[in-house]
Amino acid sequence: MSETHSASTLPAYRSQLYMGAALAVIATLIWSGNFIIARGVIHDIPPVSLAFFRWLTASVLMLPLAWKQLRAEWPVVIKNPVYFLWTALTGVALFNTFVYIAGHYSPAINLALIGTTSSPILAILLARIFLKEKITGLRIAGLTLCITGILYLLSAGSFHKLITFQFGRGDAWILAGALAFAIYNILVRKKPSGISAQNFLFIIFSTGTLMLLPFTLAEQADSPAIEWTWPLAGVILYLGLGTSVIAFLCWNAAIVRLGAARTALFGNLIPIFSSLEALWLLMEKITLLHLVSGMLVVGGLIIANITRRVAPDG
């Protein structure tokens, strides 16, 4: 996004941008492992149960951080029940559950690519409609470059493969998840004043967990019993602590500093990080295709976050 700032306010504004960008990168780095896990545990635990135990773990971990101020800030929650219900529904109950369901039908790279290609577009459109955020020329150019990089990776550099690409059942689920996360990004910008980041996350984590409970019980009634192992417990801990508590704190803080639409652009880094993790964990090869795609995405992020300086008044 191209924005105009005076010489006196520019350093502080840039500092906020750099901090917001760093927080967004940390969140996407942690989240990138979520797509690999979504495919890696499909035979160990059903998708809704995976989401439920993830958010239950996150809620328990957040409770000590939120407890001290929870009573004082509880009136804010009581005054805004509809807001917290919608935020918990989109950001917790629906988004990652859809990702885990999609993992049963589509490969991890599809999960990352489709989700990260569509979510920024949806977030920018929703931010324009509901938050009146401007869609400037530089933001459009940066977004276009990001999408080009993702589509280049998706098509393996083949135009024929791109135009013949078809959405499968899992792809539709991840697209629904991308829409849910785009709505969540907008809602975070409308967070009521008077509630801390810790209590905000605890409320939506615990509310989302309660929303998932009946569906988890129904799923387990029709599925084989979960065989708990230390590796599976480690996966739940990684999801609960890393991709939930740490990543969400970083992401929400980035939204405050960068705005919903601009922060959403950083989601395009997820498939890049996922490719590197696949190289490390799955011994897959990284090719020129991945390098070119990565440069396009990073270049798009830089362009979308350019600010313009104007001469001081007088």
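Keep in mind that this is a model prediction, so the values were computed, not measured.

Asks: Whenever I open this one, the overall build of the protein chain confuses me. Can you help?
Replies: When you go through the protein chain residue by residue, the secondary structure sums to 12 helices and 2 strands. Scanning the protein chain from its N terminus toward the C terminus, one meets helices and strands in the order β-α-α-α-α-α-α-α-α-α-α-α-α-β. The 314 residues of the protein chain split such that 53% are buried. Counting contacts in the protein chain only where the partners sit at least 6 residues apart, residues at least 24 apart contribute 89% of the total. For the protein chain, the accessible surface area stands at approximately 15100 Å², while carbon and sulfur atoms represent 70% of it.

Asks: Looking at this structure, I do not really get the nonpolar core. What am I missing?
Replies: One broad trend across soluble globular proteins is that nonpolar side chains are buried collectively. The biggest cluster of nonpolar side chains holds 75 residues, and the ones touching the most others in it are Ile-204 and Phe-205. Leu-126, Ala-182, Ile-186 and Ala-264 belong to the second-largest nonpolar core, a separate cluster that totals 7 residues.

Asks: Would you explain the packing of aromatic side chains in this entry?
Replies: Two aromatic rings, taken as a pair, are described by how far apart their centres are and by the angle between their planes. Counted under the stated rule, the structure contains 16 aromatic pairs. Aromatic side chains Trp-31 and Phe-248 sit 5.4 Å apart centroid to centroid with 85 degrees between the ring planes, which places their arrangement in the edge-to-face category. Residue Trp-31 is located in helix α1 (residues 10-40), and its partner Phe-248 is located in helix α9 (residues 230-258); the two are separated by 217 residues in the primary sequence. Across the pair, exposure class does not vary: Trp-31 and Phe-248 are buried alike. Relative to Phe-248, the ring of Phe-205 has its centre 5.6 Å away and its plane inclined at 85 degrees; by these criteria the two rings are edge-to-face. Of the two residues, Phe-205 sits in helix α8 (residues 197-221) while Phe-248 sits in helix α9, which places them 43 residues apart along the sequence.

Asks: Would you explain a nonpolar patch on the surface in this entry?
Replies: On the surface, a nonpolar cluster with roughly 300 Å² of combined accessible area is contributed by Leu-61, Leu-237, Leu-241 and Ile-246. For the nonpolar patch, the element with the most residues is α9, which contributes 3 residues. Among the structural elements, Leu-237 can be located in helix α9. By relative accessible area, Leu-237 is classed as partly exposed at 45%.

Asks: Explain the environment of Ile-30 here, please?
Replies: Among the structural elements, Ile-30 can be located in helix α1. Counting along the chain gives 244 residues from Ile-30 to Ser-274, while the straight-line C-alpha distance between them is 9.8 Å. Setting aside its immediate chain neighbours within four residues, Ile-30 contacts Tyr-238, Gly-242, Thr-243, Ile-246 and Ala-247.

Asks: Would you take a moment to explain the confidence of the model for the protein chain for this structure?
Replies: A low pLDDT means the predicted coordinates there should not be read in detail. Per-residue confidence for the protein chain gives a mean pLDDT of 80, with 81% of residues at or over 70. Predicted confidence in the protein chain is weakest over strand β2 (residues 308-309), with a mean pLDDT of 46, and strongest over α8, with 94. In this model residues 308-314 is a low-confidence stretch, pLDDT under 50, and it forms 12 contacts with partners more than four residues away in sequence or in other chains.

Asks: What am I meant to see in the packing of α8 against α9 here?
Replies: Axis angle and axis distance: for two packed helices, these are the angle between their axes and the distance between the axes, and together they describe the pair. It is at 11 Å that the axes of α8 and α9 come closest, and there the two elements cross at 125 degrees. As far as their axial angle goes, α9 and α8 are oblique. As α8 packs across α9, the resulting crossing turns out to be right-handed. Counting all contacts with α8, which are made through Ala-197, Phe-200, Leu-201 and Phe-205, the residues of α9 involved are Ser-244, Val-245, Phe-248, Leu-249 and Asn-252. Within the contact of α8 with α9, the residues separate by chemical class into 7 nonpolar, 2 polar and no charged.

Asks: Which parts of the structure should I look at to understand helix α2 (residues 47-79)?
Replies: In an α-helix, one turn spans 3.6 residues; hence positions three or four apart end up facing the same way. Helix length check: α2, at 33 residues, gives a terminal C-alpha distance of 33 Å against a target of 48 Å (1.5 Å per residue), a shortfall beyond 12%. Of all the bends in α2, the largest measures some 75 degrees and sits at Leu-70.

Asks: I keep staring at the side chain of Glu-219 and nothing clicks. Help me out?
Replies: For Glu-219, the position within the fold is in helix α8. A polar side-chain atom of Glu-219 sits 3.0 Å from the main-chain amide nitrogen of Val-48. Among residues more than four places away in sequence, those in contact with Glu-219 are Pro-46, Pro-47, Val-48 and Ser-49.

Asks: Honestly, the packing of α2 against α8 in this entry has me stumped. Any pointers?
Replies: It is the contact of α2 with α8, at a shortest axis distance of 5 Å, that shows an interaxial angle of 145 degrees. Two packed elements cross with a definite hand, and for α2 against α8 that hand is left-handed. Grouping the amino acids of the contact of α2 with α8 by side-chain chemistry returns 22 nonpolar, 9 polar and 2 charged.

Asks: It is not clear to me how the environment of Leu-217 should be interpreted in this structure. Could you clarify?
Replies: Within the secondary structure, Leu-217 is located in helix α8. Separated by 168 residues in the primary sequence, Leu-217 and Ser-49 place their C-alpha atoms 8.3 Å from one another.

Asks: Hey, could you run me through the environment of Ile-26 in this one?
Replies: Secondary-structure assignment places Ile-26 in helix α1. Residues Ile-26 and Ile-246, 220 residues apart in the sequence, show an inter-C-alpha distance of 8.9 Å.

Asks: So what exactly am I meant to see when it comes to the side chain of Ser-196 here?
Replies: Its place among the elements puts Ser-196 in the loop between α7 (169-189) and α8. Setting aside anything within four residues of it in sequence, one finds Ser-196 in contact with Gln-69 and Glu-73.

Each value, and the rule that gives it
- Residues numbered from 1 in each chain as written.
- Predicted model: local features only at pLDDT ≥ 70, side-chain atom pairs only at ≥ 80, totals over all residues.
- Heavy atoms only, no water.
- Helix = DSSP H or I, 4+ residues; strand = E, 2+ residues; numbered from the N terminus.
- Buried < 20%, exposed > 50% of the residue type's maximum accessible area, 1.4 Å probe, protein only.
- Contact = heavy atoms within 4.5 Å.
- Areas by Shrake-Rupley, 256 points an atom, 1.4 Å probe, with all protein chains shown as cover.
- Core = buried A, V, L, I, M, F, W, Y, C linked by side-chain atoms within 4.5 Å.
- Phe/Tyr/Trp six-rings, centres within 6.5 Å; stacked < 30°, edge-to-face > 60°.
- Patch = residues over 30% accessible without salt bridge, like charges linked within 9 Å, V, L, I, M, F, W, Y side chains within 5 Å.
- Salt bridge = Lys/Arg side-chain N within 4 Å of Asp/Glu carboxyl O.
- pLDDT = per-residue confidence, 0-100.
- Axes fitted to C-alpha atoms, helices over the stretch in contact; angles between N-to-C directions.
- Parallel < 35°, antiparallel > 145°, perpendicular 65-115°, else oblique.
- Left-handed = near helix turned anticlockwise from the far one by under 90°.
- Nonpolar A, V, L, I, M, F, W, Y, C, P; charged D, E, K, R; others polar.
- Expected span 1.5 Å × (residues − 1).
- Bend = angle between axes of the 7 residues up to and from the residue.
- Polar contact = N/O pair within 3.5 Å; in protein donor to acceptor, adjacent residues only side chain to side chain.

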